[in-house]
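This is what each chain is made of:
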Amino acid sequence: MRRAFLRHVRRFPWVTNVTLYGCLFAGGDLVHQWFSPRENIDWTHTRNVALIAFGFHGNFSFFWMRFLERRFPGNSYRMVLRKLLLDQTVAAPLANTVFYTGLSFLEGKEDVTADWRKKFLNTYKVRLEEGTFLNFTLVPLYVRTTFTGCCAFVWAIFLCFSQQSGDGTVAAALEWMFPAKRVEAETGETASSEQTDTPQD
């Protein structure tokens, strides 16, 4: 199975990588919605995320990785550092910008840059912390976009949360993931306040 998959990737690298990337990215949106407090899945939002992923992110990642490898071949420390620097200063800001503005456009928002202005900087800081060191050192070029897509699956969950109800920070995402702790904290604060307000006999 694994060998057959790798042969297929080598034979059809563009189609396979972009398809897997887009599916994983859209899957990230579905996971986010599944664990969100809502009655039904918003398939329109998932469709919009898929359009952005297939139309831009997957294709951009595929050709960007090849450009970096041709310009800075190999996995020596110097070459990897250069690829990382370019990836985080050029690709990451562009990808995040397209995600926020693209979804706003597809959703028909009047100001397509509103989400971008509010959340881009926080999201970019998280992206810097994530990094892509393993992708440039251990992953073969012909599956590099697919590997990026696997990482993008988790990244898409974070982005979709940030775009819909978060602020682009890890703290907000953790609060969404562990609401029980937030409720306990709020309950504890309420109880403490009530004890303080209770008049003493």
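These numbers were taken from a predicted model, which means no experiment stands behind them.

### Focus on the overall build of the protein chain
So, step 1. Helices and strands together make up the secondary structure of the protein chain, namely nine helices and zero strands.
So, step 2. For the protein chain, the succession of helices and strands along the chain, N to C, is α-α-α-α-α-α-α-α-α.
So, step 3. Across the 201 residues that make up the protein chain, the buried fraction comes to 41%.
So, step 4. Here the contacts in the protein chain between residues at least 6 apart in sequence split such that 71% fall between residues at least 24 apart.

### With respect to the confidence of the model for the protein chain
So, step 1. Here the protein chain shows a mean pLDDT of 78. Residues at 70 or above account for 72%.
So, step 2. The least confident element of the protein chain, judged by mean pLDDT, is helix 9 (residues 179-197) at 53; the most confident is helix 3 (residues 43-71) at 92.

### What to know about a nonpolar patch on the surface
So, step 1. Together, Phe12, Trp14, Val15 and Phe63 make up a nonpolar patch on the protein surface, roughly 390 Å² of accessible area in all.
So, step 2. When you line up the elements, Val15 lands in helix 2 (residues 13-34).

### A closer look at helix 3
So, step 1. Taking 1.5 Å of rise per residue, the 29 residues of helix 3 would be expected to cover 42 Å, and the 40 Å separating its terminal C-alpha atoms lies within 8% of that figure.
So, step 2. At Ala53, helix 3 is bent by approximately 40°, the largest bend along its length.
So, step 3. The opening residue of helix 3 is Asp42, an N-cap whose side-chain oxygen sits 3.2 Å from the backbone nitrogen of Thr44.

### Considering the packing of helix 3 against helix 4 (residues 77-106)
So, step 1. One can describe the packing of helix 3 onto helix 4 by two numbers: an axis separation of 10 Å at closest approach and a directional angle of 160°. What the angle tells us is that helix 3 and helix 4 run roughly antiparallel. Pair helix 3 / helix 4 crosses with right-handed handedness. Of the residues in helix 4, those touching helix 3 at His45, Asn48, Val49, Leu51, Ile52, Phe56, His57, Phe60, Trp64, Leu68 and Glu69 are Lys83, Leu86, Asp87, Val90, Ala91, Leu94, Ala95, Val98, Phe99, Gly102, Leu103 and Leu106.
So, step 2. Class assignment for the residues of the contact of helix 3 with helix 4 results in 16 nonpolar, four polar and three charged.

### What to know about the nonpolar core
So, step 1. Counting residues in hydrophobic clusters, the biggest one holds 14 residues, and the most contacted among them are Phe25, Val49, Phe99, Leu103, Trp155 and Leu159.
So, step 2. Looking at this core, the element that brings in the most residues is helix 7 (residues 144-164), giving five residues.
So, step 3. Apart from the residues lying within four places of it in its own chain, the contact partners of Leu159 are Phe25, Asn96, Phe99, Tyr100 and Thr123.

### Quick word on the UniProt feature "transmembrane region" (unreviewed entry) in the protein chain
So, step 1. UniProt marks residues 12-35, 47-65, 85-106 and 141-161 with the feature "transmembrane region" (unreviewed entry), using the numbering shown here.
So, step 2. Strand forms 0% of residues 12-35 and helix 92%; the C-alpha atoms that close the span are 35 Å apart.
So, step 3. Note that residues 47-65 is 100% helix and 0% strand, and that its end C-alpha atoms are spaced 26 Å apart.

### Structural notes on helix 2
So, step 1. Along its 22 residues, helix 2 runs 31 Å from first to last C-alpha, staying within 8% of the 32 Å computed at 1.5 Å per residue.
So, step 2. The set of residues buried in helix 2 consists of Thr16, Asn17, Val18, Tyr21, Gly22, Phe25, Ala26, Gly27, Gly28, Asp29, His32 and Gln33.

Parameters at a glance
Residues numbered from 1 in each chain as written. Predicted model: local features only at pLDDT ≥ 70, side-chain atom pairs only at ≥ 80, totals over all residues. Heavy atoms only, no water. Helix = DSSP H or I, 4+ residues; strand = E, 2+ residues; numbered from the N terminus. Buried < 20%, exposed > 50% of the residue type's maximum accessible area, 1.4 Å probe, protein only. Contact = heavy atoms within 4.5 Å. pLDDT = per-residue confidence, 0-100. Patch = residues over 30% accessible without salt bridge, like charges linked within 9 Å, V, L, I, M, F, W, Y side chains within 5 Å. Areas by Shrake-Rupley, 256 points an atom, 1.4 Å probe, with all protein chains shown as cover. Salt bridge = Lys/Arg side-chain N within 4 Å of Asp/Glu carboxyl O. Expected span 1.5 Å × (residues − 1). Bend = angle between axes of the 7 residues up to and from the residue. Polar contact = N/O pair within 3.5 Å; in protein donor to acceptor, adjacent residues only side chain to side chain. Axes fitted to C-alpha atoms, helices over the stretch in contact; angles between N-to-C directions. Parallel < 35°, antiparallel > 145°, perpendicular 65-115°, else oblique. Left-handed = near helix turned anticlockwise from the far one by under 90°. Nonpolar A, V, L, I, M, F, W, Y, C, P; charged D, E, K, R; others polar. Core = buried A, V, L, I, M, F, W, Y, C linked by side-chain atoms within 4.5 Å. UniProt positions renumbered as here; feature names shortened; annotations may be inferred.

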